[in-house]
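Here is what each chain is made of, one letter per residue.
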Amino acid sequence: MTQPSRFAPDATAAFTRYIAAFNDGDFATACSYYADNIRLTIGNGRVLQGREEIVRFYTGIRRVTRRTITVLDCFASETRLAAELESEFLAVTDVPDFTSGPLRRGDRMYINSFAFYDIDHNHFSRIRAAVFRRVWKRRGDPA
C-alpha cells in the first residue's frame, strides 16, 4: 500500500508542521520528514549527513540557545520546496564558539536565510540553506 503524501495537496502546511516540531525541539517528529540518507548543507557551508548527525548538531545548538524559526515565505512543487526563513537565537549561556560568531548569555542573533528542500518519496532528501543577513543584538543594547 502506498503511503499518502504528507506534502500533497498543501506542501506549505506540511512544512509549517515540520517547522513547529523543530521549534519545539521535537526532533523525532522533525526527523520523520527526512529520508534515511538526508544531506543538509547549513548556512555556513557545513554539510551534515543523515538523521543522527543532524539531530546531534541541533541538540547541541538547543543546549546553548533557544532558536525560533519563522517562515517568511514558502512555495513548493511536487519535488522541491523553497522558503525564506528568519531564525532567532537567544543565548542561554555564553557560547564563544557558536557557528555564526560568539554569543554571550542574553545575546540574540537573527539570521535570514533561503532554504531549498528536495522532496523524494514523501521525505526531504536534501536541504540547502544560504544565509543572506545576520543581525546581532547584544545583551544591554538598546531595543
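All values reported here derive from a predicted model rather than from experimental measurement.

(A) Broad picture of the overall build of the protein. Along the backbone of the protein there are three helices and six strands. Counting from the amino terminus, helix and strand elements in the protein follow one another as α-α-β-β-α-β-β-β-β. For the protein, whose C-alpha radius of gyration is 16 Å, the value lies close to the compact-globule estimate of 15 Å for 143 residues. In terms of overall dimensions, the protein has a C-alpha envelope of 55 × 30 × 25 Å along the principal axes. Residue burial in the protein is summarised as follows: out of 143 residues, 38% are buried. Of all intrachain contacts in the protein linking residues separated by at least 6 positions in sequence, the fraction that spans at least 24 positions is 52%. Of note, the protein has its 21 positive side-chain charges centred 5 Å away from the centre of its 17 negative side-chain charges.

(B) Representation of the pattern of salt bridges in the model. Under the defined criterion, the tally for this structure stands at six salt bridges. A salt bridge links D118 to R80; the shortest N-O distance between them is 2.9 Å. Here D118 is found in strand β5 (residues 108-120), whereas its partner R80 is found in strand β4 (residues 80-91), with 38 residues between them in sequence. Judged by relative accessible area, R80 falls into the partly exposed class, the value being 39%. With a closest N to O distance of 2.7 Å, D118 and R126 form a salt bridge. Judged by its relative accessible area of 10%, D118 falls in the buried class.

(C) Up close: the pairing of strand β3 (residues 65-76). Where β3 meets β4, 11 bridges bridge the pair, whose relative direction is antiparallel. Paired with D73 across the two strands is E84, which belongs to β4.

(D) Representation of unusual backbone geometry within the structure. Unlike most non-glycine residues, H121 shows phi in positive territory, near 50°. Structurally, the position occupied by H121 is in the loop between β5 and β6 (123-137). Using a relative accessible area of 72% as the deciding quantity, one classes H121 as exposed. With phi around 75°, N122 is a residue other than glycine that occupies positive phi space.

(E) Spotlight on the packing of aromatic side chains. One pass over the full model with this rule turns up 14 aromatic pairs. On the basis of an interplanar angle of 35° and a centroid distance of 5.9 Å, the ring pair of F15 and Y18 is categorised as tilted. Here Y18 and F15 lie together in helix α1 (residues 11-23), a separation of three residues that amounts to about one turn. F15 gets classed as buried once you look at its relative accessible area, which sits at 1%. Taken together, a centroid distance of 6.2 Å and an interplanar angle of 80° make the contact between Y18 and Y117 edge-to-face. Of the two residues, Y18 sits in helix α1 while Y117 sits in strand β5, which places them 99 residues apart along the sequence. For the pair shown, Y18 and Y117 are each scored as buried. Pairwise contacts between aromatic rings join F15, Y18, F22, F27, Y33, Y34, F57, Y58, Y117 and F124 into one cluster.

Conventions adopted
- Residues numbered from 1 in each chain as written.
- Predicted model: local features only at pLDDT ≥ 70, side-chain atom pairs only at ≥ 80, totals over all residues.
- Heavy atoms only, no water.
- Helix = DSSP H or I, 4+ residues; strand = E, 2+ residues; numbered from the N terminus.
- Rg over C-alpha atoms; globule rule 2.2 N^0.38 Å.
- Buried < 20%, exposed > 50% of the residue type's maximum accessible area, 1.4 Å probe, protein only.
- Contact = heavy atoms within 4.5 Å.
- Lys, Arg positive; Asp, Glu negative; His and termini not counted.
- Charge placed at Lys NZ, Arg CZ, Asp CG, Glu CD.
- Salt bridge = Lys/Arg side-chain N within 4 Å of Asp/Glu carboxyl O.
- Pairing = 2+ DSSP bridges.
- Phe/Tyr/Trp six-rings, centres within 6.5 Å; stacked < 30°, edge-to-face > 60°.

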